[in-house]
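Residues per chain are reported as follows:
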Amino acid sequence: MKAKLLVLIVLLLAPLAVLHAADALAPKPNILVILADDLGYADVGFNGCRDIPTPNLDTLAKSGVRCTSGYVTHPFCSPTRAGLLTGRYQQRFGHENNPAWLPESTVAGLPVSQTTLPQVLKSAGYVTGCVGKWHLGAHPQFHPNRRGFDEYFGLLGGGHVYLPGAKGSGEYQIPMDRNGKSEPLTEYLTTVLGREGSSFITRHKGQPWFLYLAFNAPHTPLQVTDLLMERVKHITDETRRSYAGLVVGLDDAIGVVMNALKESGQVENTLVFFFSDNGGPVSVTHSDNTPLRGAKGDVFEGGIRVPFVVSWPGRVPQGQDYAQPVISLDVFATAVALTSANVPAGHTLEGTNILPYLTGEQTGAPHDRLFWRAGGGARFAVREGDWKLIGGENGKTQLFNLAEDLGESKDLAAARPEVLARLDQAYADWNKDNVAPLFESPQANRPKAVKKARQK
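Rules used in this analysis
Residues numbered from 1 in each chain as written. Predicted model: local features only at pLDDT ≥ 70, side-chain atom pairs only at ≥ 80, totals over all residues. Heavy atoms only, no water. Salt bridge = Lys/Arg side-chain N within 4 Å of Asp/Glu carboxyl O. Helix = DSSP H or I, 4+ residues; strand = E, 2+ residues; numbered from the N terminus. Buried < 20%, exposed > 50% of the residue type's maximum accessible area, 1.4 Å probe, protein only. Contact = heavy atoms within 4.5 Å. Pairing = 2+ DSSP bridges. Axes fitted to C-alpha atoms, helices over the stretch in contact; angles between N-to-C directions. Parallel < 35°, antiparallel > 145°, perpendicular 65-115°, else oblique. Nonpolar A, V, L, I, M, F, W, Y, C, P; charged D, E, K, R; others polar.

1. Topic: the pattern of salt bridges
Applying the stated criterion to the full structure yields 23 salt bridges. Of the charged contacts, one joins K296 and D38 as a salt bridge, the two residues approaching to 3.1 Å between their closest N and O atoms. Residue K296 is found in the loop between α8 (282–285) and α9 (301–304), and its partner D38 is found in the loop between β1 (30–36) and α2 (55–62); the two are separated by 258 residues along the sequence. For the pair shown, K296 and D38 are each scored as buried. Overlapping salt bridges, with partners in common, bring together D37, R81, K133 and D277 in one network.

2. Describing helix α3 (residues 77–86)
Counting buried residues in α3 gives 10 out of 10 residues, a clear majority hidden from the surface. Residues of α3 that are buried include every one of C77, S78, P79, T80, R81, A82, G83, L84, L85 and T86, and no others. On its buried face, α3 sits against β1, α4 (117–122), β4 (127–133), β8 (209–214), β9 (270–276) and α10 (330–339). Once α3 ends, the next one or two residues include G87, with phi positive near 70°.

3. Here's the deal with the sheet that holds strand β10 (residues 308–311)
Taken together, the 10 strands give an open sheet; going across it, the order is β7-β6-β5-β4-β8-β1-β9-β10-β2-β11, and neighbouring strands pair in mixed fashion. The outermost strands of the open sheet, each flanked by one partner alone, are β7 (181–183) and β11 (320–322). Neighbour-to-neighbour, the strand axes of the sheet open up by a mean angle of 15°, direction not taken into account. Bridge analysis of β4 against strand β5 (residues 151–155) gives five bridges, and the strand direction is parallel. From the neighbouring strand, K133 faces β5, where its bridge partner is L155. Against the sheet, helix α7 (residues 238–263) contacts β1, β8 and β9, and its axis sits at roughly 175° relative to β1. Those strands touched by α10 are β1 and β9, and its axis lies near 175° from that of β9.

4. Topic: the packing of α2 against α7
The description of two helices packed together rests on the angle between their axes and the distance between the axes. Direction vectors running N to C along α2 and α7 enclose 50°, while the axes themselves pass 7 Å from each other. Regarding the angle of α2 to α7, the classification is oblique. Seen from α2, the contacting residues are P55, N56, L57 and L60; seen from α7, they are D251, D252, I254, G255 and M258. Grouping the constituent residues of the contact of α2 with α7 by class yields five nonpolar, two polar and two charged.

Encoded structure:
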């Protein structure tokens, strides 16, 4: 009797063993993170843009899930990148401002005490590459090749001229960097970055890879080729027209990258994330964050909610929207869950593996609450379900219901004091584990209205 029972158990468990063996033999997925810079929420076709053509981004969105409540961890450049690459709120380790271009400073940059996503993925057998904007410190200790990336090509500072010989100052004029060696910029920068990204993808076919492709478009300066300007000549606002040219160039470059995936037969084995590092700086570039309130630098939705797509044909639903809040911290946590990479003890991840939520295997919300802090606490925000608390903006604490008021126009603080108190306490509890900023930004974080003509 016992023998028969044992045989029955073996027969029942055999299919599971086969499945686990198949999973173990399945190739590890490639991971591609594409980051835009200062892209407006409404400046892509898949979010309703009508005057700027973005066919390649729209195709990417149709191939995956559009996260309509996709966030980043900060309303401006460098802190967002620090959170993305560490999987932790950057306020935990003091990276709350933009580092000045200080090659002599061992402080102004992503602290070397923090483990990065490429370092973790290397331990899982991945080849790692970074192409594009770094903006995480100018001292050699902060260089991408010393933070886990096997290969790097791009601009180390916070920005760069787009055209060879174009006007620019400071770090915007330094040579491009390839694995620690300088190279001149010889053609339109966005085109170069797209080609470098596609080259990495093609060269590393057959081995698991991670590519962080961080474009600086459509960040200023508003420098665009004549051919790109011709494609957006219907836009009458000169500033927006130049900005639109940058967006079209970005879309073209992403098309080149996605074609490299297709031509090399890697589409179905590559998880792709696309989002912007923050909202559009409306007054500067005439970008559009409709229907959101605010812009880059704000903790209103317009500063932190961004175009956000997750694509993995065959594994993630195609052409669907996902409304629950997700955040850039989730990239690290999702990558670790997929690869079984080892995260060092003490490096506490604060994101969530969002794939089961996108596929419907897991119900509910990936996060109970999300938090933001800027200026050392001068401005902060908490989102819990449909509720959002904002502190510091306009010198007061405000409460909004995003389901009823996405534009954050109706302050419900007086009407719902119990919600205000709960979220205010949640922020205080979260903030206990934060530290003061390690360095100050070289200039005011909030963009100011400027008129900038296109430079050739």
